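Observations on the three-dimensional arrangement
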Amino acid sequence: QAAAPLHPVSVQCQEAQVVVTVHRDLFGTGRLVRAAELTLGSAACLPVAQSAAESTVTFVAGLHQCGSTLQMTPDSLIYKTSLSYKPTPSGNLVIVRTNAAVVPIECHYPRKSNVSSKAIQPTWAPFRSTLSAEEKLMFSLRLMSDDWSTERLSNGFQLGESLHIQADVAAGGHVPLRLFVDDCVATLSADRNSSPRYALIDLSGCLVDGRSDDTTSAFISPRPRQETLQFMVDAFKFAGDDRNLIYITCHLKVSPADQAPNPLNKACSFNRASSLWAPVEGTGDICSCCETGNCPLYG
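Note that the structure is a prediction, hence the values are computed from the model and not measured.

Below, the discussion takes up the overall build of the protein. For the protein, the helix and strand inventory stands at 2 helices and 17 strands. Within the protein, contacts between residues separated by at least 24 positions form 58% of all contacts whose residues are at least 6 apart in sequence.

Before going further, it helps to spend a moment on the nonpolar core. Counting residues in each nonpolar core, the largest one holds 20 residues, and the members touching the most others are Val-20, Val-22, Leu-26, Leu-38, Leu-40, Phe-59 and Tyr-85. Breaking this core down by element, the ones donating at least two residues are strand S2 (17–23), strand S3 (38–40), strand S5 (56–62), strand S7 (76–85) and strand S8 (101–110). Of all the elements, S8 adds the most residues to this core, at 4 residues. Not counting residues up to four positions away in its chain, the partners in contact with Val-20 are Val-9, Ser-10, Val-11, Leu-40, Val-57, Thr-58, Phe-59 and Ile-105. Counting 19 residues, the second largest nonpolar core, distinct from the first, contains Ile-165, Leu-179, Leu-207 and Val-233.

This brings us to the sheet that holds strand S4 (residues 49–51). In any sheet, the strands associate via hydrogen bonds between backbone groups, in a parallel or an antiparallel arrangement. One open sheet accounts for 4 strands, arranged S1-S2-S5-S4; its pairing is antiparallel. Lying at the two open borders of the sheet, with one neighbouring strand each, are strand S1 (9–13) and S4. Strand-to-strand, the axes of this sheet are offset by a mean angle of 15°, without reference to chain direction. Of the pairings in the sheet, the one linking S4 to S5 comprises 3 bridges and is antiparallel in character. The partner of Gln-50 across the bridge, within S5, is Val-57.

Here we take up the sheet that holds strand S12 (residues 197–201). Read from one edge of the open sheet, 3 strands run S12-S11-S15, paired in antiparallel fashion. In this open sheet, the two edge strands, each paired with only one partner strand, are S12 and strand S15 (247–256). Each strand of the sheet is rotated relative to its neighbour by a mean of 20°, with strand direction disregarded.

Let us look at the confidence of the model for the protein. Per-residue confidence for the protein gives a mean pLDDT of 87, with 88% of residues at or over 70. The lowest-confidence element of the protein is helix H1 (residues 127–134), averaging 52 in pLDDT; the highest-confidence one is strand S13 (residues 218–219), averaging 98.

A few words now on unusual backbone geometry. The linkage connecting Ser-195 with the following residue, Pro-196, adopts the cis geometry, with an omega of 5°. Its location among the elements puts Pro-196 in the loop between strand S11 (177–187) and S12. Of note, the bond from Ser-221 into Pro-222 is cis; its omega dihedral lies within 30 degrees of zero at 0°. Mapped onto the secondary structure, Pro-222 falls in the loop between S13 and strand S14 (228–234). Positive phi values are uncommon outside glycine, yet Cys-66 reaches one of about 60°. Relative to the elements of secondary structure, Cys-66 occurs in the loop between S5 and strand S6 (69–72). With relative accessibility at 10%, the residue Cys-66 sits in the buried group.

Calculation criteria
Residues numbered from 1 in each chain as written. Predicted model: local features only at pLDDT ≥ 70, side-chain atom pairs only at ≥ 80, totals over all residues. Heavy atoms only, no water. Helix = DSSP H or I, 4+ residues; strand = E, 2+ residues; numbered from the N terminus. Contact = heavy atoms within 4.5 Å. Core = buried A, V, L, I, M, F, W, Y, C linked by side-chain atoms within 4.5 Å. Buried < 20%, exposed > 50% of the residue type's maximum accessible area, 1.4 Å probe, protein only. Pairing = 2+ DSSP bridges. Axes fitted to C-alpha atoms, helices over the stretch in contact; angles between N-to-C directions. pLDDT = per-residue confidence, 0-100.

Here it is, written out as structure tokens:
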């Protein structure tokens with residue numbers, strides 16, 4: 001609707017921004033409100049233009065600007081903001097002659113659509129059918145050489161040596177991701193719940209084996225890249241058991257790379273020199289639960 005006394009607020013939902021035009025006869029009484037008393041969104045953005053001839057005020061804001069909020073439904077993206085009118089006393093500083101007002105504004109955009117120029121017949125599958133395939137993440141866990149350059153040819157170790165273990169995720173077309181190792185457990189069979197069992201990493205990313213006496217087990221810092229996490233574990237065997245084959249099973253997970261590490265998503269090693277837990281990235285406080293044992297699990 002064109003901004004007019006009968007329809008004082010008009011909204012244009014454009015591709016990347018919203019344009020709000022406000023007729024200053026906001027209440028249809030013939031009394032014009034002042035442009036300075038009109039703002040957009042929780043950030044109180046000011047108008048970008050006003051027309052004295054048409055008695056209108058115009059706001060232009062990006063869909064994510066001015067404190068707008070985003071709501072997603074199965075079929076739509078809904079950007080919500082509001083136009084606020086807050087009258088201030090003028091002349092007589094004791095009274096005002098109009099009420100404050102808030103006008104809710106929404107822009108709805110479809111979430112699903114295919115785009116084609118029609119002149120060209122694409123030979124690839126439409127976007128919707130490939131989306132589910134791109135969401136699949138390929139995780140790997142490998143024994144590496146001592147310099148981390150290649151995968152280790154042998155899986156045999158002598159006591160006194162260190163296992164160099166590298167976890168990776170192939171993100172494909174996904175948003176940038178950061179890999180974490182939630183837990184790793186050693187067992188004598190392929191069943192991770194069998195007994196005896198020994199936890200190397202536990203509590204959502206605490207390398208608890210490094211807390212034991214006479215070990216140098218630790219995460220490698222810094223990472224070579226966000227999708228990779230490396231750690232070293234001193235070779236060991238189960239007491240009272242002569243079998244030479246040990247299974248190590250790890251639970252890997254990812255978080256968005258732009259999300260700060262937290263007690264649920266962390267990689268923490270025990271620093272014997274300082275007797276403190278230290279993260280590969282993030283602030284030291286995210287590792288404090290490694291000592292107390294009450295970290296959040298599997299969020």
